[in-house]
Amino acid sequence: MQNGDHLAFLLLRTVFTVAPILFGLDKFIRILTSDWERYLAPWMNDIIPGDARTGMLIVGVVEIIAGVLVAFLPRLGGLVVAAWLLGIIISLVSVGGYLDIALRDFGLLVAALALSFLAAGQGYGWLRRRS
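Since the structure is predicted, the reported quantities are computational estimates derived from the model, not experimental observations.

Definitions and cut-offs
Residues numbered from 1 in each chain as written. Predicted model: local features only at pLDDT ≥ 70, side-chain atom pairs only at ≥ 80, totals over all residues. Heavy atoms only, no water. Salt bridge = Lys/Arg side-chain N within 4 Å of Asp/Glu carboxyl O. Helix = DSSP H or I, 4+ residues; strand = E, 2+ residues; numbered from the N terminus. pLDDT = per-residue confidence, 0-100. Contact = heavy atoms within 4.5 Å. Patch = residues over 30% accessible without salt bridge, like charges linked within 9 Å, V, L, I, M, F, W, Y side chains within 5 Å. Areas by Shrake-Rupley, 256 points an atom, 1.4 Å probe, with all protein chains shown as cover. Buried < 20%, exposed > 50% of the residue type's maximum accessible area, 1.4 Å probe, protein only.

Summed over the entire model, instances satisfying the criterion amount to three salt bridges. Close ionic contact of lysine 27 with glutamate 63 constitutes a salt bridge, the shortest N to O distance being 2.9 Å. Taken together, the residues lysine 27 in helix H1 (residues 3–29) and glutamate 63 in helix H3 (residues 52–72) connect sequence positions 36 residues apart.

When pLDDT is averaged along the chain, the result is 92; 93% of the residues meet or exceed 70. By mean pLDDT, helix H2 (residues 42–47) is the weakest element of the chain at 93, and helix H4 (residues 74–95) is the strongest at 97. Segment residues 126–131 is flagged for pLDDT under 50; beyond a separation of four residues in sequence, or across chains, it makes nine contacts in the model.

What follows concerns a nonpolar patch on the surface. Together, Val18, Leu22, Leu25, Phe28, Ile29, Ile31, Val61 and Ile65 line one region of the surface with nonpolar side chains, adding up to about 760 Å² of accessible area. No other element matches H1, which puts five residues into the nonpolar patch. Locating isoleucine 31 in the fold gives a position in the loop between H1 and H2. In this structure isoleucine 31 comes out as exposed when scored by relative accessible area, which is 67%.

A separate point is unusual backbone geometry. Look at arginine 30: it is not a glycine, yet its phi comes out positive at around 55°. Its place among the elements puts arginine 30 in the loop between H1 and H2.

What follows deals with the environment of tryptophan 84. Tracing the sequence through the fold places tryptophan 84 in helix H4. Among the residues examined, tryptophan 84 registers a relative accessible area of 29% and is labelled partly exposed. As a C-alpha pair, tryptophan 84 and glutamate 63 span 21 residues in sequence and 8.3 Å in three-dimensional space. Aside from chain neighbours lying at most four places away, what touches tryptophan 84 is Val59, Val62 and Glu63.

This is the structure:
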C-alpha cells in the first residue's frame, strides 16, 4: 500500500472506529441529542422489540460493536458500517424531513466502503487478498 493509501486507510479506520462508538454511547447518555427516537421510522419501530427508546438502546449497542469491529477487522467492519448506514438512510428517508442527513450518511456509506476496499488491499480483515 502506498503512503497516501495507507494514510487514507488510517484516517478512515480511525473515524469509523471512534464515531460509531461515540454515537452508540450517546444513545445511553444523550449528550448529542435528547431525542434519538425522532430519527426512527415508525415502521421500523413496529418491528423492533419494545418501544422506540429500547430500540435506540439496541441501536447503540450495535453501533459500539460496529466500531470495535472496524478497529480489529476493518475489511469486514467497513462493510458492516456501510450496511448499517444504509439502514439509517432508509429510516431517515422514511421519516421524512431528514434528507440532508440522509445525503450526508450516503457519503459516509461510500467512505465506509472505501475503508473496506483499502483494508482488502492491505490484507486486513477476515479474508486475505489472493496474490
